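The residues making up each chain are set out below.
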Amino acid sequence: LGDETAAIKLYRYLKKHDIYTLTFSQANANLQEHYLLFTYLLDQLSIKTLILPIIFDDTREDNIRSDIKEILNNKAIYKKINQTLTGKSLIKRFNNKDFEDNFSKNSKNIESNNFENFLDEKFGKIWPLWNKREILRGNLINSLYLIRNNVFGINASTIRKKIPGRYNKNINAYKDILLLAKKNNVEVLVYIPPIRNDVTIPYDLNEYNSFKKEVSIIANDSDVHFTNLENLIPPNYWGVKPSTNYSGKIKKSYELDFMHFQSKGHELLAEAIYFEITKFLKKIIY
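Residues numbered from 1 in each chain as written. Predicted model: local features only at pLDDT ≥ 70, side-chain atom pairs only at ≥ 80, totals over all residues. Heavy atoms only, no water.

Peer 1: Could you give me a rundown of the overall build of the protein, with the residues and numbers involved?
Peer 2: Assigned secondary structure in the protein consists of 12 helices and five strands. For the protein, buried positions account for 37% of its 286 residues. Intrachain contacts of the protein at a sequence separation of at least 6 include 76% that bridge at least 24 residues. (Helix = DSSP H or I, 4+ residues; strand = E, 2+ residues; numbered from the N terminus. Buried < 20%, exposed > 50% of the residue type's maximum accessible area, 1.4 Å probe, protein only. Contact = heavy atoms within 4.5 Å.)

Peer 1: Requested: an account of helix H2 (residues 31-44), with residues and values cited.
Peer 2: Across its 14 residues, H2 extends 20 Å between first and last C-alpha, which sits within 8% of the 20 Å expected from 1.5 Å per residue. Of all 14 residues that make up H2, 10 are buried, and the element is covered over most of its length. If you check which residues of H2 are buried, you get Leu31, Gln32, Glu33, Tyr35, Leu36, Leu37, Phe38, Thr39, Leu41 and Leu42. Among the residues of H2, the N-terminal cap falls to Asn30, whose side-chain oxygen and the backbone nitrogen of Gln32 are separated by 2.9 Å. (Expected span 1.5 Å × (residues − 1). Polar contact = N/O pair within 3.5 Å; in protein donor to acceptor, adjacent residues only side chain to side chain.)

Peer 1: Can you explain the side chain of Asp176? Please cite residues and give values.
Peer 2: The residue Asp176 is located in helix H8 (residues 164-183) in this model. Of the side chains with opposite charge, Lys175 lies nearest to the buried Asp176, which makes no salt bridge, at 8.6 Å. Contact partners of Asp176, with chain neighbours within four places excluded, come to Tyr35, Thr84, Leu85 and Thr86. (Lys, Arg positive; Asp, Glu negative; His and termini not counted. Salt bridge = Lys/Arg side-chain N within 4 Å of Asp/Glu carboxyl O.)

Peer 1: Describe in detail helix H5 (residues 85-93), supporting the description with residues and values.
Peer 2: Listed in full, the buried residues belonging to H5 are Thr86, Gly87, Leu90 and Ile91. Along the long axis of H5, the arc covered by the buried residues comes to 130 degrees, so they all point the same way. Opposite the buried face of H5, at more than 90 degrees from it, the exposed residues are Leu85 and Lys92. Where H5 is buried, its residues touch H2, helix H4 (75-81) and H8. (Arc of directions from axis to C-beta.)

Peer 1: Can you break down the sheet that holds strand S1 (residues 49-53) residue by residue, with the values?
Peer 2: Read across the sheet, three strands follow the order S1-S2-S3 without closing on themselves; strand pairing throughout is parallel. Strand pairing shows two members of the sheet lacking a second neighbour, S1 and strand S3 (225-228), which therefore form its edges. With strand direction ignored, the average angle separating the axes of adjacent strands in the sheet is 15 degrees. Relative to S3, strand S2 (residues 187-192) runs parallel, the two being bridged by four bridges. Pairing of Ile192 across the sheet is with Asn228, part of S3. Sitting on the sheet, helix H11 (residues 263-280) touches S1, S2 and S3, and the angle it makes with S2 is about 145 degrees. (Pairing = 2+ DSSP bridges. Axes fitted to C-alpha atoms, helices over the stretch in contact; angles between N-to-C directions.)

Peer 1: How would you sum up the layout of surface pockets? Please name residues and give values.
Peer 2: Within this model, the second largest pocket holds a volume of roughly 280 Å³. Along its surface, the second largest pocket is lined by Tyr35, Thr39, Leu42, Asp43, Lys80, Gln83, Thr84, Asp176, Leu179, Leu180, Lys183 and Asn184. Of all the secondary structure elements, the ones that give two or more residues to the lining of the second largest pocket are H2 and H8. Grouping the constituent residues of the lining of the second largest pocket by class yields four nonpolar, four polar and four charged. (1 Å grid on protein atoms, 1.4 Å probe; cavity = no way out; pocket = protein on both sides within 12 Å on 5 of 7 lines; lining within 4 Å. Points joined across faces, edges and corners; volume = space filled by probe spheres on them. Nonpolar A, V, L, I, M, F, W, Y, C, P; charged D, E, K, R; others polar.)

Peer 1: Please set out the nonpolar core residue by residue, giving values where relevant.
Peer 2: Formed by 43 residues in total, the largest nonpolar core has its most connected members in Phe38, Tyr174 and Val190. Elements that contribute at least two residues to this core include exactly H2, S1, H4, H5, H8, S2 and helix H9 (205-221). Among the elements that line this core, the one with the most residues is H8, at eight residues. With near-sequence residues (within four places) excluded, Phe38 lies in contact with Ile47, Leu50, Ile177, Leu180, Ala181 and Val186. Counting 17 residues, the second largest nonpolar core, distinct from the first, contains Leu229, Trp238, Phe261 and Leu269. (Core = buried A, V, L, I, M, F, W, Y, C linked by side-chain atoms within 4.5 Å.)

Peer 1: Any chance you could break down the packing of aromatic side chains for me, citing the residues and the numbers?
Peer 2: With the rule as written, the count across this model stands at eight aromatic pairs. Each ring, one from Tyr208 and one from Phe211, has its centre 5.9 Å from the other, and the planes form 25 degrees; the classification is stacked. With Tyr208 and Phe211 both in helix H9 and three residues apart, this pair spans about one turn of that helix. The residue whose ring lies beneath Lys162 is Tyr167, and the NZ or CZ to ring-centre distance is 4.6 Å. (Phe/Tyr/Trp six-rings, centres within 6.5 Å; stacked < 30°, edge-to-face > 60°. Lys NZ or Arg CZ within 6 Å of the ring centre and 35° of its normal.)

Peer 1: So what's going on with the pattern of salt bridges? Which residues, and what values?
Peer 2: Counted according to the given criterion, the structure contains 11 salt bridges. Here Lys80 ties to Asp43 by a salt bridge, and the two come within 3.0 Å at their closest N and O atoms. Residue Lys80 is found in helix H4, and its partner Asp43 is found in helix H2; the two are separated by 37 residues along the sequence. What makes Lys80 partly exposed here is its relative accessible area of 40%. Several salt bridges converge on common partners, so that one network encompasses Asp62, Arg93 and Lys169.

Peer 1: Please set out unusual backbone geometry residue by residue, giving values where relevant.
Peer 2: Of all residues except glycine, most have a negative phi; of all peptide bonds, most are trans. Non-glycine residue Asp18 carries a positive phi angle of around 60 degrees. Positionally, Asp18 belongs in the loop between helix H1 (6-15) and H2.

Structure follows, in C-alpha cells:
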C-alpha cells in the first residue's frame, strides 16, 4: 500500500531541477508502437529527452493497439512516418492508402457506433448479460489463454524464442526512433531493463546476448546514451505472480516473476536512471 513505481520516483527526482517527466507505460508495447507514439508526441510537445527501455520480450510483439493505430489518421503524422521504413510498413499494413478512405471509414465507424448505442439501449433493458458482454469476452479470452498454456505446458519460466520477422520490424523501429530523435535534437537514454538473475532467465541465452549486443551497437552508432541495467535489482526484491495455466490456478500455486519487482526495486531503478541522466544533463541539473 502506498508503493510507487520507478516512473513516479524519477518524476520527483527531476522535478527538483524543474525538469518535467511524462511517462507512457503500455503493457507489452512493441517498438513499432513506440515509434508511432513518439512521432505523434513530437508534434504535440516540446520534448528534450527520451528515456527508452528496450525489452527482449517486446521484440516478440507485433500488434498495434487501436488507440495507437488511430495516429495514422493524422495527416501531418502520416506524411512524416511515410518517410521511414517503419512508417511505410505500418501504412501498408493497415491499408491507409489515402485520407479520403480513412475519413470515410471514420464516418462508417460513427454510424456503427450509433447502431451499437441503439442496441445497447434496447437489449440492455431486456437482457442483463448484454451489458456484461465486454467482461464476458475478457473472461473468455483469459480462459483460452490459460487453456493454451496448459495444453503446451507454458509458464513464466518457459523459454521464449526470438520471432525473426517481428524482431526485425521492431529493431528497425528502434533505429527509426533514434533517427527521429536526432532529427529533432532530442537527447536519448536507451537502457536494458532489470531482469531476475537468481534463476535461469526465460530466453535462449545466445539470442538474448545477441539482442543486447545489437541494441548497444545501434545506440553507440547513433551516438546516444546507453546503459545495461539488467543486473540492477537483487533477487530478494523480485517476487512471484499468479499461475499462467489452469493447473496452477487449481492448485493455487505461483510462478516466478521475471518482469516486475518490489518497491525497493523501483527505487533502485529510478536512482539508476536519474544517475545516467545527470551524466548528459549536467548543464541543466547543476
